[in-house]
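Structural overview
As a plain string of letters, each chain reads:
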Amino acid sequence: MSESLTITLRDLVASGCISKCTFVFNHERGNGINLEGITNLRCVNAAKLSLLLAQTWGRFHDNDESGIDPITVNLDNFFVKLACSSISSEFDGATFDKAFGESREEDNLTMESNDVHPLDFKMEPFEFDDNERSLGFIADIFDINEDGPKQDNTESTSFETSEETSSELSCRDQNCLSSDKVKFDNINAASERADICWTILGMEIQVCGASPCQKESLNLQRIQHLGRMIYEVFLHQDDISCLPEKFDALSVVDESDAQNKSNEENSSTNRHPKLQRCKEKSLFSHLLEVGHYPVSVCRLMSDMIDIGIGGLADVPFTKVSDVIEDLQQMSSHPNVHLDNPEERFFSSNLRFGQSCYGNMGQVMNILRVASSLEANYSTGSPQADCAQCIFVSGIAGSGKTFLVNSVGDYLLTQGWIVLGAKFEQGQKHESLEFLSSAFDKLTMTLASMRDGKAEEDIEYSKCATRALSDALDRDSMSSLATFLPSIKELIGDVDENQVVGNDGADSDKDNSHWRLVFLLSSLLGAVLRADRRIMIYFDDLQWSDSTTLALLFEIVISMGRLPHARKRFLFVGMYRDNEVADAHHFTSKLDYLRRNKNVNIETLNVRRLSKNDISNMMMNEMRLPQRMIRKFARIIHKRTSGHALFVVELLNSLVRDSIVVYSPAKKRFQWDVDRLDTLQTWDSVANLIVSNLSTLSPISLRSLQILSCLGMSIHQSIINHLGLCYYLEGANDITSSIPTLMDEGIIETSDTIVKFCHDLIRETVYNGIAVDQRQHIHLCIGTFLGAKTPLGSQIQYNSIDSDIDSDFDKDEKENCYNVLPQGLVSIATDHINNASELVVDHIKRAKFAGWNLYAATASMKNSNWKRALYYFKNGIAYLSGQEWTQNSQQLTCRLYQGAAFTSLALGDAEEVPRYANAIVSNVPFEHSLPAQHLLIRSLECSGSKNQETVSTAIGVLRKLGFDIPSAPKVWLSFIVGGAWGQSPAMVVQRMKKTEEIASKYNLGELIRDGTCRVDKSKRAVLNILDSAFLACLRMRSPHLPFIICEAVNYSFEQGCACGESALAFAYFGYLKIWFEDDFMGGQRWGNMALKILQNAKQQGPFIRTRFVLYSLVFCWGRTLRKCAEQDLFETYELGMKHGDVATASVILGSHFRWLVWEGDKLIPLREKGEQYLKQIAKYNIEAAKVVLGEMLYIHVLTGLPWKQSFAVFDGMICDERSLLAGALSNKNRVLAFGIYLSRFFREFSMANYNEASNWAKLALPYSKALPPLPVKILFTVARGIIAFRMYREGKGEIYFNEGKDMLNEMEKWVKYSEHNAKNKFLMLEAEFHASTCEVNKAKEKYEASIRSARNYGRVNDQGLAYELMGDYLSSISEIPQAIECYKLAHKYYMQWGAVAKAEKIQKEQDLTDENTGNNPTKHERDW
């Protein structure tokens, strides 16, 4: 700003420019100018000029050493430095101020007396610049060397100054004041320029040639004098004729009349405009009647001028600093302190707590994070790769919710979508419902946008809907519909009945948690593809259950993994830090989230309100300056210690009790400070709330008590229906009492919801009800609402296995929700559970146990296992003392079975035996099968009870009549090395029997019959068989083939070829391949399993069955790479999508291993493997242990460090030795085999054949128990190579025979899987011919193997073939040819990424860099 102008304040005011143009301080230019709602531009400009006037005059009066009395200074002595510019349009402060109660911390309304305002600066003395260029930029507004504009009534509008005084106190003496006096001119031209903005650069006093005064004026006289000058600045031109002559001159009567007289004489020659006070009327009243000034300005001038003895000022000023403070507030917040609220501003409308005060730094921190999402992420900020999370903590009532809601309201105005939900105390079992409500709001918002009128909203909704349709298929949409009902309004043609797992299949039970993670993450991620940002907040996280909290945080992590989502997503969580200890589940979950690299967390703590915060609140709500409320605010702060809710409730109670009242005469709220000091003191906000409730009428209080029993938020339709409950006293008065309770600030309404203003209010009301009275209310509400649902029907239990749906009338069930909200069954059941102590009648207790059973079953259908378990437990509690009696056996059995079922679904396997064993002990065996299955599953889930799982399952199967051979003989023969006995004859015989049974049935008919619902007892048997052979598989148990055959037999004989039986069909196909070498037969049985799956797709995806088919049966017909990249990876994605993360993790591990074995580049695989290992360990720690072996294999080949791979086990497993010890101890033969196999391949790959042979001996027994195809081929080839090598080294004929056996095995397999086995078979053939001294044939086979490996893209096998060929040529003294082979082996190993292996060959064969054609290998590790 190079161009500036200096002018006297009198000339500036007299010009009238402050009524036409905009004046801003220099610091306001960067933020723009907020004039929204400002109707009096002159007053805003006058307040700013008066602020500088008061500050400048105050400095002069405090620091000037000239001895000149400050009251001799007038407006001619004040010089204002200005600059002209255009008004900035870049400002959104109006929206911000509206959202946050105009109380930004950087523009704090309060200012302590010793504060320094940003404008309070010292200016150098001004000097005129005679250079015409410096003033030329305002030539259209100002003229030089011309007289200023003439005004009428000059005598009444200007100071009466003598010629002498005027010359003494003129703005400059003759040396500094030229004849080119600057005057305003052509004001009309300025008013026509709407963009003219004057920046106030500063103000200074210049007093030239004045003589020191003989007597010093009094403080009140000085304040009065300053008030007169400020009056001149604010003076409205129309006021000239409004000051009648009857007003006496204003004066100050002080300690000495003589002194007063002297002062009057001294000032008689330098008077201000004639301000006169009528004896019957105050200056404040007169200025109000004039009508040109806001009430605050009238009060300011009255309290400065109408002072002293006989003065009628309301609260007279005693300090200049208070004047500065008032003017500062007017300048900074004109919408508050220069606003006339008029009729709407009286006591009944005064309500504290409607705006956000205090902790504005926290508000700005949240907005800063939100703004970072809108910034360009290409800057490479660390936060750019993370989902942004903010956790706001504080005690109850500290204002967390209000603060976050204020931010949300502001972001809504900026185009964000803001969603939120609140968890409630004592409602942990409803946590999933609270979470679903937030996501349901998202789909409802999109639907309302689509049906709205705003084009941008309609287009956004369409874009988001398309993205959602692309992200989720029909089945996923159907599953989502049960969780988010509004999805059907957004996307048509969604059939809720198609929910996967709706029949309670095992897959749904085990996988619902991760299924919801997938569905909700997909929903949110899809919507975030559209160009709007979303903020989701959850309040009172400390009251959420652990499972729901884990689900929520997994969704947040998922957003962090999606680049497009993390740029548009903000998560805010709130919790009470005083209720969260180190042992609280929230603490551990937050630590887990904090450790995740996909999430960036900021924590904010909401502090107590300071004195300034309380002053800001009172000033803003009562439109008063700080000087008037300072003492009042200190009393409030002392009484409440700054507790936000306490402050609000106390202030509102003072208004309600008329201690704070509005005075029409004074145009302000007033109070008696002395009375405030004597008020009753409450020690807590709860006691204050109780005290405030005492003012309610008995009817309103009773209504409030009933509402508190209904919860934090209540649907209006429930209140309306409850009014018809004649046996609940006061129920019919609730609706009429709501307006009164709203006026008292206790409740509020929103759409169809009535809710308490704060949960502390609800807690206080609820806890204040006597226990027996409270339970009575709950019982009445529950009974009445239950009658409106199927619960009101008479429940009949036909049998233990009957379906819950059949216990109620279907028509009634369909019509029960026509008016009342969904979830009414749960609401009614919750109420009767809260009144259980009042119910003593056995019949009623059995009835309410049935209610809990129904509510639990309804919750299970929505996969809400936590809520279902809550109802099952309450149902059991209602039957206490009468369980397992003749009349209650069926009900008891179903409650206990449900409790076991949901405990298992929630991962609490230790609780399952408590309920399952109770059923086994009290009901006939045939009715206990579901419980038997749950008991077996609980053992299986423990991870360390494999032997117990197998023995328990086999015991149940034998009791059911299944023919399972006794263990000792089979186990003995297995241990000594037999293949399932002394020979496979026993297994083959059992398989033939199964095929004979199968030949009697038409599979097509069985599959068609499978569309019918399978009997629960049959399903339980199939589930037991499923659990049995999965446990056997983990242990490599010899019982496995027999259990598979029995499962297939049962499926045919019982006509239940359903999804649960498909796994047995798939495994039977592999038995055909393994024991009979019947590859075509294996494919046929695999196709049967696939047809069963296709028919049972409504039951679930059955991921484990698909895995067995693709990894054991169908893989023979395609390359392993294709199986890994397509079949396995697609099955993995399907498993993750449907929540079967445990099986999906196993599949991902197999996918990774197969890519390693197929020769994919090791360095990229190593990086991918580290990611996979972390993900697998998260979902399936046992699968991670197996994958670890492949990571160690890669580390050995590449020579890169491997210790970080164990970090995923959090210190529980530090090395491979402890890993193996744990596997052997737990009889986990899959893991033990995986470790042995990894050690074998590591030694084999590094050509340590003796060590490899030792590990092969340890792995060999496990290899005979159905290993997958890649393992069989690789293990067989490697053993054959070692055997032939040992033979050639002269270690005996036995090794040659062993090698031939391996060759014969490979010859068999190459016929059916040429693309997987051919190059390896040729390699083994070459080794055979090398062992039989057939040189030419050996060379031909080596070369053929290399060509075949090249054709299939197996660079690893090319390197191995060249290495073996080099070894052989070297052994027959063809050294040059051997060196060439070693060079090529080195080349292909390097291409593979096996740097350590390549270096070993280079070192052992003395290959130079020139010979290999490579740079030093140590520098080639980063490709």
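Attention here is on the structure that accompanies the text.

The rules behind each value
Residues numbered from 1 in each chain as written. Predicted model: local features only at pLDDT ≥ 70, side-chain atom pairs only at ≥ 80, totals over all residues. Heavy atoms only, no water. Helix = DSSP H or I, 4+ residues; strand = E, 2+ residues; numbered from the N terminus. Buried < 20%, exposed > 50% of the residue type's maximum accessible area, 1.4 Å probe, protein only. Contact = heavy atoms within 4.5 Å. Polar contact = N/O pair within 3.5 Å; in protein donor to acceptor, adjacent residues only side chain to side chain. Core = buried A, V, L, I, M, F, W, Y, C linked by side-chain atoms within 4.5 Å. Salt bridge = Lys/Arg side-chain N within 4 Å of Asp/Glu carboxyl O. Axes fitted to C-alpha atoms, helices over the stretch in contact; angles between N-to-C directions. Parallel < 35°, antiparallel > 145°, perpendicular 65-115°, else oblique. Left-handed = near helix turned anticlockwise from the far one by under 90°. Nonpolar A, V, L, I, M, F, W, Y, C, P; charged D, E, K, R; others polar. 1 Å grid on protein atoms, 1.4 Å probe; cavity = no way out; pocket = protein on both sides within 12 Å on 5 of 7 lines; lining within 4 Å. Points joined across faces, edges and corners; volume = space filled by probe spheres on them. Pairing = 2+ DSSP bridges.

To continue, consider the environment of Thr-952. Along the polypeptide, Thr-952 turns up in helix H40 (residues 946–959). Owing to a relative accessible area of 22%, Thr-952 belongs among the partly exposed residues under this scheme. Between the alpha carbons of Thr-952 and Ile-936 there is a distance of 6.7 Å; along the sequence they are 16 residues apart. Setting aside chain neighbours within four positions, we find Thr-952 in contact with Ile-936 and Leu-939. Only 2.7 Å separates the side chain of Thr-952 from the backbone oxygen of Glu-948, close enough to count as a polar contact.

Take the nonpolar core next. Among the nonpolar cores identified, the biggest contains 239 residues, and Phe-391, Leu-524 and Phe-538 are the most heavily contacted of them. When neighbours within four sequence positions are excluded, Leu-524 is seen to be in contact with Phe-439, Leu-442, Ile-534, Ile-536, Ile-555, Met-559 and Phe-569. The next biggest cluster of nonpolar side chains, apart from the first, holds 110 residues, and it includes Met-618, Ile-738, Leu-760 and Tyr-871.

Next up on the list: the pattern of salt bridges. All told, the structure shown has 55 salt bridges when counted by the stated rule. Residue Glu-1158 pairs with Arg-1121 through a salt bridge whose shortest N-O separation is 3.8 Å. With Glu-1158 in the loop between helix H50 (1141–1157) and helix H51 (1162–1179) and Arg-1121 in helix H49 (residues 1120–1137), this residue pair connects regions lying 37 residues apart in the sequence. Using a relative accessible area of 18% as the deciding quantity, one classes Arg-1121 as buried. We note a salt bridge from Glu-1305 to Lys-1308, for which the minimum N-O separation is 3.4 Å. Residue Glu-1305 and its partner Lys-1308 are located together in helix H57 (residues 1293–1312), separated by 3 residues, close to a single helical turn. Ionic contacts of the salt-bridge type, sharing partners, join the residues Lys-422, Asp-539, Asp-540, Arg-576, Glu-579, Asp-759 and Glu-763 into one network.

Here we come to the packing of helix H34 (residues 824–833) against helix H36 (residues 865–878). Two elements in contact, H34 and H36, have axes whose closest approach is 11 Å; the angle formed by their N-to-C orientations is 40°. With respect to H36, the axis of H34 lies oblique. For H34 against H36, the interelement crossing comes out left-handed. Residue-level contacts link Ser-826, Thr-829, Asp-830, Ile-832 and Asn-833 of H34 to Arg-867, Tyr-870, Tyr-871, Asn-874 and Tyr-878 of H36. Along the lines of polarity and charge, the residues of the contact of H34 with H36 split into 4 nonpolar, 4 polar and 2 charged.

What follows is about empty space enclosed by the protein. Throughout the structure, instances matching the rule amount to 8 cavities of 30 Å³ or more. Around the largest cavity, the lining is made up of 19 residues, and of these Tyr-1193, Phe-1244, Ser-1245, Asp-1357 and Leu-1360 lie nearest the centre. The set of elements that each furnish at least two residues to the lining of the largest cavity consists of H50, helix H52 (1181–1198), helix H54 (1229–1245), helix H56 (1269–1288), helix H58 (1314–1331), helix H60 (1355–1371) and helix H61 (1375–1392). If one sorts the elements of the lining of the largest cavity by residue count, H56 sits on top with 4 residues.

A sheet is described by the order of its strands in space; here 5 strands give the open sequence S12-S13-S14-S11-S15, paired in parallel fashion. The sheet terminates laterally at strand S12 (417–422) and strand S15 (599–605), the two strands that pair on one side only. The average undirected angle you get between the axes of adjacent strands in this sheet is 15°. Of the strand pairs in this sheet, strand S13 (residues 534–539) and strand S14 (residues 569–576) are connected by 5 bridges, and their pairing is parallel. Counterpart to Tyr-537 in the pairing with S14 is Val-572. With respect to the sheet, helix H13 (residues 360–374) is in contact with strand S11 (387–394), S14 and S15, its orientation differing from that of S15 by roughly 160°. Most of the contacts of helix H22 (residues 585–595) go to S15, to which it runs at about 135°, and overall it touches S11, S14 and S15.

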